[in-house]
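Residue-level structural notes
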Amino acid sequence: MKRSVLIFMFLGMSILIFPSFLSTVENAFLEIRECTFSPQEMPSMLSNGDSFPTDSVTINGWVDNSYALNGLETNKDMISHAWGLWAALTTVTDQVCDGEPLRLFETWYSPQDVMRATMGGYRDMPQQINSTGNLEFRAKFESSNGSFHGRGLSAERGDIVGKVKFNPATAEAALDNKYYLNSVMTGKKVPGKVSTIELPTNSVALKPIYRVLTDRLKIYDGMYRFHKWSGKSDGLKDDDEFESYVYVCTDANDSRIDNVTVFGIDVFIHHTMSAAEAHNYNISSKEGAEYSNNIAAAGDMVIVLGSHVASRESTRWTWQTFYWTPTPDSPVFPSSVVMAEGRNTVSTLDKASSHYAVSLGYSMLSPAAPENYTPGITTYDRGSVYALNPFIEGTFTTDVFANQEYYYNLNGLGDLFITKNVDGLTSSCMGCHSQATYLGNGQEGKGAGTFIADQYVPRNAPWFTGELQTDFLWSLTGSFEVLPKGFEQYNKTH
Ligand code: HEC
């Protein structure tokens, strides 16, 4: 897949060359009322006993005790915290949509909810919302505004969809501070200085990803093919090219279920596709339905493949990702048995949510390098901490990170560059998210905004000078989110 700074350059070009393109995207999505429910906040205590938010001093203490074995974190406190977050997020609430109970994360706001509230001039986020956030069918990392298609994106082969979710605290902060308005964000940049926004410490952001069990994955009635991750050998391939399959049976009592090659739907977090989701899935290839062929229908099962989870409990956030695995007790890279054992420290994981593996990294390197660059700092003597989701970053080839070394050299940080960390399998959440910088209007950030793998990114790296860091959130950079109807126009005039 081709990504990196090209996305931003393309975005800039598309605005200049195709001025009407954005409004086409805007109108493509129908905002259908699915149901009515209230977004629920994180609990103040996680079921592993950690408070939420946990004090950053505590988290930094875990980071000081980080130990990476074969590039994977082994610190038990961090691992337990990650599972505590997952248990909270997947708790079934009393909120209901389309007759199905919602898990905590499903009740959360989407960036589009924040944009609509901004446009409506609301003081607070609405207490009730009408959509769980539409499933968007797009290449992973596709700029919502660019017709920049990923290799092999195909609903026919069951490619994946995702969305971004904010807990109420994050959504409220984004509304209060009008982070989706270009004028506000541009106004925060200070020439010659590194500027940043700051979200509250109880902010949580997610990127859940889904696979829709459409007819194209059907073997016969009730039985669907499911591409599973078998480890590094599946790396850098599209998920529909992962070597082996298992099968999902939509009847959890089917006698063919052996939990080795055939799994019941009840070991996946899942829901039934709504008409709104089916509509948006089918039209969301930007140019029309050429990828999805109207293949999804209301009533199809939607499986949660996994989710990225980031919390603002410490200034560099906590980073963990979850993905479905056929072997939850012994998951392979980028997870591990040590990480799987962390499930025993939480008390509330149900059957489905405990069938996922975790991969995490609360630092880019181990021992962690300081937040800001200090002369004499080195990286060659620190271990790498890889953290990735096989279904997202696991598919990323080196061209996603094509410009990283160039910018380290250009900015005099060449000595810090780790030459072996060049692709999705050698990436970390924190490394790439450090680069999230407001780049609305398609300017080029001279290194800011470039995707990088597991590298040390100081918060005061020279390429941030004159730019606005979006506190690690890419969905606040003005470049990735689908715009609700009318928002582009509103943004021009406010
Ligand atoms: C190569 C760069 C890159 C890497 C590596 C990466 N992300 Fe992201 N992430 C993005 C971009 C770009 C988005 C914007 C949304 C989109 O288009 O999917 C995003 C979105 C997110 C979001 C939604 C909030 C936001 O920032 O917009 C979360 C949470 C998230 N990622 C967590 C993670 C976690 C956890 C990992 C590691 C397991 C990770 N990311 C690895 C680039 C990256």
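Residues numbered from 1 in each chain as written. Predicted model: local features only at pLDDT ≥ 70, side-chain atom pairs only at ≥ 80, totals over all residues.

Let's shift gears to the overall build of the protein. On a plain count of helices and strands, the protein comes out with 12 helices and 20 strands. Here the protein holds 494 residues, and the buried ones make up 53% of them. Of all intrachain contacts in the protein linking residues separated by at least 6 positions in sequence, the fraction that spans at least 24 positions is 76%. (Helix = DSSP H or I, 4+ residues; strand = E, 2+ residues; numbered from the N terminus. Buried ≥ 20, exposed ≤ 12 C-beta atoms within 10 Å, placed from the backbone. Contact = placed C-beta atoms within 7 Å.)

Turning our eyes to something else, we now look at the pairing of strand E3 (residues 92-97). Alignment of E3 against strand E4 (residues 100-103), held across 3 bridges, turns out to be antiparallel. Bridging across to E4, Val96 finds its partner in Pro101. Between E3 and E4, which pair antiparallel one after the other, the connecting turn spans 2 residues, and Asp98 there sits at a positive phi close to 50°. (Pairing = 2+ DSSP bridges.)

What follows covers the site of the ligand. Close contacts around the ligand come from 27 residues, with His308, Cys429, Cys432, Trp474 and Ser475 the closest. Among the elements of the structure, strand E8 (204-213), strand E14 (301-311), strand E15 (318-324) and helix H11 (429-434) are those that each provide at least two residues to the shell around the ligand. For the shell around the ligand, the per-class residue count stands at 16 nonpolar, 9 polar and 2 charged. (Near = placed C-beta within 6 Å. Nonpolar A, V, L, I, M, F, W, Y, C, P; charged D, E, K, R; others polar.)

In this section: the confidence of the model for the protein. Looking at the protein, pLDDT values average 87 and 86% of them are 70 or higher. The model gives residues 286-290 a pLDDT under 50, and that stretch makes 7 contacts with residues more than four places away or in other chains. (pLDDT = per-residue confidence, 0-100.)

This next bit is on the sheet that holds strand E11 (residues 245-249). Spatially, 4 strands are ordered E9-E10-E11-E12 in an open sheet, and the strand pairing comes out mixed. This sheet does not close on itself; its edge strands, each paired only once, are strand E9 (218-220) and strand E12 (262-264). Mean inter-strand twist for the sheet, computed between neighbouring axes without regard to direction, equals 35°. (Axes fitted to C-alpha atoms, helices over the stretch in contact; angles between N-to-C directions.)

The subject of this paragraph is the environment of Asp215. The topology assignment puts Asp215 in the loop between E8 and E9. The exposure class assigned to Asp215 is exposed, which follows from the 11 C-beta atoms found within 10 Å. Linking Asp215 and Ala297, residues 82 residues apart in sequence, is a C-alpha distance of 9.2 Å.

Okay, helix H8 (residues 275-283) next. The buried fraction of H8 amounts to 7 of the 9 residues, a majority that puts the element mostly inside the structure. Burial in H8 covers these residues: Ala276, Glu277, Ala278, His279, Asn280, Tyr281 and Asn282.

Within soluble globular proteins, side chains that are nonpolar tend to cluster in buried spots. Ranked by internal contacts, the top residues of the largest apolar core, which has 124 residues, are Trp86, Val114, Ala174, Tyr210 and Phe268. Element by element, the count of residues in this core is highest for helix H4 (residues 76-89), at 9 residues. (Core = buried A, V, L, I, M, F, W, Y, C linked by C-beta atoms within 7 Å.)

This part is about helix H6 (residues 168-176). Summarising burial for H6: 7 of the 9 residues are buried, a large majority. Where H6 is concerned, the buried positions are Pro168, Thr170, Ala171, Glu172, Ala173, Ala174 and Leu175. Against helix H5 (111-119), strand E6 (165-166) and E8 lie the buried residues of H6. Once H6 ends, the next one or two residues include Lys178, with phi positive near 50°.

Moving on, we get to unusual backbone geometry. A cis amide bond links Phe333 with the next residue in sequence, Pro334, at an omega value of 10°. Within the secondary structure, Pro334 is located in the loop between E15 and helix H9 (337-341). The phi dihedral of Asn70 falls on the positive side, at around 50°, and the residue is not glycine. Phi at Lys178 is positive, roughly 50°, even though this residue is not glycine.

A separate point is the packing of H5 against H6. At a minimum axis distance of 9 Å, the contact between H5 and H6 shows a crossing angle of 35°. Where H5 crosses over H6, the handedness of that crossing is right-handed. Where H5 abuts H6, its residues Asp113, Val114, Ala117 and Thr118 lie against Ala171, Ala174 and Leu175. Considered class by class, the residues forming the contact of H5 with H6 number 5 nonpolar, 1 polar and 1 charged. (Left-handed = near helix turned anticlockwise from the far one by under 90°.)

A word on the environment of Gly235. Along the chain, Gly235 turns up in the loop between strand E10 (223-227) and E11. Exposure remark for Gly235: the 22 C-beta atoms within 10 Å place this residue in the buried category. With residues up to four places along the chain from it excluded, the contact list for Gly235 reads Gly394, Gly424 and Leu425.

Let us now look at the pairing of E10. Taken together, the 2 bridges between E9 and E10 define a ladder with antiparallel strand orientation. Considered in E10, the bridge of Tyr220 is made with Met223. As consecutive antiparallel partners, E9 and E10 are separated by 2 residues, and within that stretch Gly222 has a phi angle of approximately 80°, a positive value. In this structure, E10 lies alongside E11, joined through 5 bridges in antiparallel fashion. Following the sheet pairing, Arg225 is matched in E11 by Tyr247.

A separate point is the environment of Asp329. For Asp329, the location among the structural elements is in the loop between E15 and H9. Residue classification places Asp329 among the exposed residues on the basis of 11 C-beta atoms within 10 Å. Expressed as a C-alpha distance, the spacing of Asp329 and Met339, which sit 10 residues apart in the sequence, is 9.2 Å.

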